[in-house]
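# Results of the structural survey
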Amino acid sequence: MPLVTTKEMFEKSMKEHYAIGAFNINNMEFIQAITDAAEEAKSPVILQVSSSAIKYARLPYLLKNVEAAVESTTIPIALHLDHGPDFETCKKCVDAGFTSVMIDASKYDFEENVRFTKEVVEYAHRFGVVVEAELGTLAGVEDEVNVADDDAKYTNPEQAYEFVQKTGCDSLAIAIGTSHGAYKFKGDAKLRFDILAKVKEKLPNTPIVLHGASSVIPEIVEMCNKYGGNIPGAKGCPDDMLKKAGQSGVSKINVDTDLRLAMTAQIRKVFFEDPSVFDPRKYLGVAREEITKVVLHKIKDVFCSENKA
Ligand code: G3H
Ligand code: 13P
Ligand code: ZN
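Below is a summary of the structure that appears in this document. Worth saying up front: this structure is predicted, and the values here are computed from it rather than measured. (Residues numbered from 1 in each chain as written. Chains lettered and ligands numbered in written order. Predicted model: local features only at pLDDT ≥ 70, side-chain atom pairs only at ≥ 80, totals over all residues. Heavy atoms only, no water.)

### Details of the site of ligand 2
This is how it is decided: Each residue is tested against the molecule or strand, and it is near if at least one of its non-hydrogen atoms lies within 4 Å. Polar contact criterion, stated in full: a pair of N or O atoms within 3.5 Å, where within protein one must be able to donate a hydrogen and the other to accept it, and residues adjacent in sequence count only if both atoms are side-chain atoms. Accessible surface is estimated by sampling points in the Shrake-Rupley manner with a 1.4 Å probe; for residues, cover comes only from the protein chains shown. Secondary structure elements are defined from DSSP: runs of H or I of at least 4 residues count as helices, runs of E of at least 2 residues count as strands, and each element is numbered from the N terminus. Basically, the charged four are Asp, Glu, Lys and Arg, the nonpolar ten are Ala, Val, Leu, Ile, Met, Phe, Trp, Tyr, Cys and Pro, and anything else, Gly included, counts as polar.
Asp82, Lys184, Ser214, Asp256 and Thr257 are the nearest of the 15 residues found near ligand 2. The separation between an oxygen atom of ligand 2 and a polar side-chain atom of lysine 184 is 2.5 Å. The separation between an oxygen atom of ligand 2 and a polar side-chain atom of serine 214 is 2.6 Å. Here ligand 2 has 310 Å² of accessible area as a free molecule, and 97% of this is covered by the chains. Listed by contribution, the elements that provide at least two residues to the shell around ligand 2 are strand 3 (77-84) and strand 10 (250-255). By residue class, the composition of the shell around ligand 2 is 2 nonpolar, 10 polar and 3 charged.

Structure below.
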């Protein structure tokens, strides 16, 4: 099956109350690991690429690897630009064959965010490409933008409605307490499900997206630290909260940090246990298997998208 947009997978997810996993990719191992898991679970999946991932891996290499994954699997796969910083980047990805792009103008004021988003929507829709936009500010790090915890702004449900009407975006990322990276909560994890409910009330047919949704799996953080890492006190979104989010109207759940941690933990373990290893297949192979395990767990036990392909 060729690359698909997120339209159908989101429609089904909204009807049946589960979420689709959107996993960040940076190289071949990530692409294989994620699509192996999705194929095994017979789940639709979104592969997403940030602009820093494009800078690192280079677009043609990413595209060819994604094309290979599409040819090797039977599940619906969407290719999505994550946190598109401007029109030009979004256009480049639309022109290159992405089926979905995000324009992240959430750091601008409302009217400017509308203006930037609308411009991308108008272009992308001409080519049948869907657009995710963001309203509200996540705490933590979004690419090069640093947002202090105190400045974290939850999404205003009234504004969310107005924003979708004005921009015509296909899905909306909202801020309800998650943040990017491995340090999401200072105290107990807390998500504003009341805001999510209000947004859904206003926008029952708009797929909602949750960024910064890694669970920062404690066993994997422990493994990183045991084998020489230094990631003390890392904390993510617990699985039960993410499951509830999927059941409460979130259609897309973004995961990057958990895959980075999984890869790092396994590579550290190999190097620690056998410093004589210098064959990359030895450490990248186990790293790839660990990512598959993490993605499979999320698809089956947390997002509940198994057998929805
Ligand atoms: O939301 C940000 C993603 O985790 C991508 O991060 O820009 O370091 O690739 P990156
Ligand atoms: P995490 O840092 O929680 O994995 O979030 C990833 C993300 O939101 C990508 O857009
Ligand atoms: Zn994000």
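### Thoughts on empty space enclosed by the protein
Over the atoms, a rolling probe the size of a water molecule traces out where space has been left empty. The line we're drawing: With a 1 Å grid laid over protein atoms only, a set of points is called a cavity when a 1.4 Å probe fits there but cannot get out and a pocket when it is open yet has protein on both sides within 12 Å along at least five of seven lines; lining residues have an atom within 4 Å of a point. Grid points are joined across faces, edges and corners, and a volume is the space filled by probe spheres set on the points.
The full count for this structure, using the stated rule, is 1 cavity of 30 Å³ or more. Considering only enclosed or pocket space, the largest cavity measures out at about 30 Å³ in volume. Looking at the largest cavity, the residues that line it are Thr6, Phe10, His80, Ser100, Val130, Val131, Glu132, Asp170, Ser171 and Lys252. Ranked by the residues each element gives to the lining of the largest cavity, the list is headed by strand 5 (residues 130-135), at 3 residues. Residue composition of the lining of the largest cavity, grouped by class: 3 nonpolar, 4 polar and 3 charged.

### Observations concerning helix 4 (residues 59-72)
As a reminder of what qualifies: In a helix, the anticipated span is given by 1.5 Å times the number of residues less one. A simple rule labels every residue: compare its accessible area, found with a 1.4 Å probe on the protein chains alone, to the largest value its type can have, and call it buried under 20%, exposed over 50%, or partly exposed in between. It is the directions from the helix axis to the C-beta atoms whose arc is reported. The contact rule is simple, with two residues in contact once any of their heavy atoms fall within 4.5 Å.
Helix length check: helix 4 (14 residues) gives 20 Å between terminal C-alpha atoms against 20 Å at 1.5 Å per residue, within 8%. Those residues of helix 4 lying buried are Leu59, Leu62, Val66, Ala69 and Val70. One side of helix 4 carries all its buried residues, which in axial view fall inside an arc of 100 degrees. Seen from the buried face of helix 4, the exposed residues on the opposite side, beyond 90 degrees, are Pro60, Tyr61, Lys64, Glu71 and Ser72. Against the buried residues of helix 4 lie helix 2 (28-41), strand 2 (45-50), helix 3 (51-57), strand 3 and helix 5 (87-96).

### Focus on the coordination of the zinc ion (ligand 3)
Let me state the cut-off plainly: Distances decide who is a donor: an N, O or S atom must be within 2.8 Å of the metal, or within 3.2 Å for Na, K and Ca. Water is not included, so sites may look incomplete.
For the zinc ion (ligand 3), every protein donor is listed as His83 (NE2), His180 (NE2) and His211 (ND1), and the spread of their distances is 2.1 Å. Read in sequence order, the donor residues coordinating the zinc ion (ligand 3) give the pattern H-x96-H-x30-H. Taken as a pair, histidine 180 in the loop between strand 8 (171-174) and helix 8 (193-202) and histidine 211 in the loop between strand 9 (208-210) and helix 9 (218-226) lie far apart in primary sequence, 31 residues in all. Comparing histidine 180 with histidine 211 shows no difference in burial state: the two are buried.

### Digging into the packing of aromatic side chains
The condition that has to hold: Within 6.5 Å between ring centres, the rings of Phe, Tyr and Trp (the latter by its six-membered ring) count as paired, and their orientation is classed by plane angle as stacked under 30 degrees, edge-to-face over 60, tilted in between. Both a distance and an angle decide whether a charge sits over a ring: NZ of Lys or CZ of Arg must be within 6 Å of the ring centre and within 35 degrees of the ring normal.
Under the definition given, this model contains 7 aromatic pairs. Seen from their ring centres, tyrosine 108 and phenylalanine 116 are 4.8 Å apart, and the 40 degrees between their planes marks the pair as tilted. Look at phenylalanine 116 and you get partly exposed, because its relative accessible area is 22%. Chaining the aromatic ring pairs together yields one cluster made of Phe87, Tyr123 and Phe127. The ring centre of tyrosine 154 lies 5.1 Å from the NZ or CZ of arginine 192, which sits over that ring.

### Points about unusual backbone geometry
One non-glycine residue with positive phi stands out, namely histidine 17, at about 60 degrees. Its location among the elements puts histidine 17 in the loop between helix 1 (7-16) and strand 1 (20-24). A positive phi angle, close to 50 degrees, is found at lysine 42, a residue other than glycine. Judged by its relative accessible area of 34%, lysine 42 is partly exposed.

### Describing the environment of lysine 298
One can find lysine 298 in helix 12 (residues 280-303). Here the alpha-carbon distance between lysine 298 and glycine 21, two residues 277 residues apart in the chain, equals 7.7 Å. Sequence-distant contacts of lysine 298, defined by excluding residues within four places in its chain, comprise Phe23, Ser215, Val255, Asp258, Phe303 and Cys304.

### A word on the pattern of salt bridges
Under the convention used in this document: Think of a salt bridge as a Lys or Arg side-chain nitrogen and an Asp or Glu carboxyl oxygen that are within 4 Å of each other.
In this structure the tally under the stated criterion is 16 salt bridges. Between glutamate 112 and arginine 115 there is a salt bridge, with its nearest N and O atoms 3.5 Å apart. Placement of both glutamate 112 and arginine 115 in helix 6 (residues 110-126) is noted, with a separation of 3 residues, approximately one turn of the helix. Residue class for glutamate 112 comes out partly exposed when judged on its relative accessible area of 28%. Among the ionic contacts, a cluster of salt bridges with common partners joins Glu111, Glu162 and Lys166.

### Describing the pairing of strand 2
The condition is simple: Strand pairing follows a simple DSSP-based rule, namely that at least 2 bridges must link the two strands. When the strands point away from the viewer, a crossover counts as right-handed if the route from the first strand across the helix to the second turns clockwise.
Across the 6 residues of strand 2, 6 count as buried, placing the element largely inside the fold. Of the two faces of strand 2, the one holding Val45, Leu47 and Val49 and the one holding Ile46, Gln48 and Ser50 are both buried throughout. As defined by bridge partners, strand 1 adjoins strand 2 across 3 bridges and the pair is classed as parallel. Considered in strand 2, the bridge of phenylalanine 23 is made with leucine 47. For the crossover that starts at strand 1, traverses helix 2 and ends in the parallel strand 2, the hand is right-handed.

Geometry only, nothing functional implied.
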